[in-house]
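Residues per chain are reported as follows:
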Amino acid sequence: MLVSMEGITEGVNSMSLGVDTQKKNRIQVSHTKKPLFFYVNLAKRYMQQYSDVELSALGMAIATVVTVAEILKNNGFAVEKKIMTSTVDIKDDSRGRPVQKAKIEITLAKSEKFDELMAAAIEEKEAAEAQEQS
């Protein structure tokens, strides 16, 4: 399942990022809102722009973040820089008191082969499109 770059750009542009409290290279991952490969492709895009990316998740989305990081590492796009875990208090409106949630932040950096792999992926995509038209 491939996500178009337009869709990724649209997703990036529509994210509400508070500049003061939000790092520009952070992706906050949800386990329900977007498909897995949306985050994989978005992380690649962020690494092109910032050279590293911070993937962040709470609770049930932690498995998604770990999977995204492993896909990027196993395919040679990224290397692990830092993993941080913590617990944060989230206000639960239904109970009226704070609930503790697990949090993970994984920082990935571009691998040495990143640019080469991205160029190869673009070539493959163009070759497939040319074949479809012929």
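Refer to the preceding data block for the structure.
Bear in mind the structure is a predicted one, so any value in this text is a computation, not a measurement.

Q: Got a minute to help me understand the pattern of salt bridges in this structure?
A: Opposite charge on two side chains allows them to pair when their charged atoms are near. Per the counting criterion, the structure on display carries seven salt bridges. Across the pair K81 and D52 runs a salt bridge whose closest N-O atoms are separated by 2.8 Å. In this pair, K81 is assigned in strand β3 (residues 78-92) and D52 in strand β2 (residues 52-58), connecting sequence segments 29 residues apart. Where D115 meets K110, a salt bridge forms, and the shortest distance between an N and an O atom there is 3.6 Å. Take K110: its relative accessible area is 26%, and that puts it in the partly exposed class. Bridged by salt links that share partners, the residues E70, K73 and E80 form one connected network.

Q: Would you mind going over the sheet that holds strand β1 (residues 26-28) with me for this structure?
A: Working definition: the strands of a sheet are paired by backbone hydrogen bonds and lie parallel or antiparallel to each other. Strand order in this open sheet of four strands is β1-β2-β4-β3, and the pairing throughout is mixed. Unpaired on one side and paired on the other, β1 and β3 mark the two borders of the sheet. Adjacent strand axes in the sheet meet at a mean angle of 20° when their direction is disregarded. Bridge count between β2 and strand β4 (residues 97-110): seven bridges; the pairing is antiparallel. Residue A57 lies in a different strand from β4, and its bridge partner there is I104.

Q: Would you mind going over the side chain of E105 with me for this structure?
A: Locating E105 in the fold gives a position in strand β4. Only 3.0 Å separates the side chain of E105 from the side chain of K103, close enough to count as a polar contact. Here E105 is in contact with R26, E54, L55, S56, K82, I83 and M84, once residues within four sequence places are set aside.

Q: Just to check I follow, could you spell out the environment of T85 for this structure?
A: Secondary-structure assignment places T85 in strand β3. Taking the C-alpha atoms as reference points, T85 and I104, 19 residues apart in sequence, are found 4.5 Å from one another. The contact partners of T85, leaving out residues within four places of it in the chain, are K103 and I104.

Q: Teacher, can you tell me more about helix α3 (residues 62-74) here?
A: Think of an α-helix as turning once every 3.6 residues; residues three or four places apart then point the same way. For α3, spanning 13 residues, the distance from its first C-alpha to its last is 18 Å, which sits close to the expected 18 Å at 1.5 Å a residue. Listing the buried residues of α3 in full gives T64, V65, V68, A69, I71 and L72. Buried positions in α3, seen along its axis, are confined to an arc of 160° and lie on one side of it. Opposite its buried face, α3 presents the exposed residues A63 and N74, each directed more than 90 degrees away. Lining the buried residues of α3 we find α2 (36-50), β2, β3 and β4. Phi turns positive one or two residues past the end of α3, at G76, with a value near 85°.

Q: I tried to follow α2 on my own but got confused; where do I start?
A: Its 15 residues place the ends of α2 21 Å apart at the C-alpha level, agreeing with the 21 Å of an ideal helix rising 1.5 Å per residue. When α2 is considered as a whole, its buried residues turn out to be F38, Y39, V40, N41, L42, A43, K44, Y46 and M47. S51 sits one or two positions beyond α2 and adopts a positive phi of about 70°.

Q: It is not clear to me how the nonpolar core should be interpreted in this structure. Could you clarify?
A: A general tendency of soluble globular proteins is for nonpolar side chains to be buried together. If you look at the biggest cluster of nonpolar residues, it comprises 25 residues, and the most contacted ones within it are I27, V53, L55, V65, L72 and L108. Put simply, the parts of the chain that give this core at least two residues each are α2, β2, α3, β4 and α4 (114-133). Ranked by the residues each element gives to this core, the list is headed by α2, at seven residues.

What counts, and where the lines are drawn
Throughout, residues of each chain are indexed from 1 in the direction in which the sequence is written. It should be noted that, the model being predicted, local features are given only for residues of pLDDT at least 70 and side-chain atom pairs only at 80 or more, the latter also being counted only at that level, while totals for whole chains, interfaces and linings use all residues. Side-chain metrics rest on all non-hydrogen atoms present in the structure, leaving aside hydrogens and water. Only one rule defines a salt bridge in this text: a Lys or Arg side-chain nitrogen within 4 Å of an Asp or Glu carboxyl oxygen. Only runs of H or I of at least four residues qualify as helices and only runs of E of at least two qualify as strands under DSSP, and these elements are numbered from the N terminus. Each residue's exposure class comes from its accessible area (1.4 Å probe, protein chains only) as a fraction of the maximum for that residue type: buried when under 20%, exposed when over 50%, partly exposed otherwise. Criterion used throughout: strands pair if DSSP finds at least two bridges between them. Geometry is summarised by axes, namely lines fitted to C-alpha atoms with helices restricted to the contacting stretch, and by angles between N-to-C directions that run from 0 to 180 degrees. Polar contacts here mean pairs of N or O atoms no more than 3.5 Å apart (in protein, one a potential hydrogen donor and the other a potential acceptor; neighbouring residues in sequence count only if both atoms are side-chain atoms). We call two residues contacting when some pair of their heavy atoms lies within 4.5 Å. What a helix should span is 1.5 Å times the count of its residues minus one. Note that the arc is computed from the directions linking the helix axis to the C-beta atoms. Among buried residues, the Ala, Val, Leu, Ile, Met, Phe, Trp, Tyr and Cys ones that are joined through side-chain atoms within 4.5 Å form a nonpolar core.

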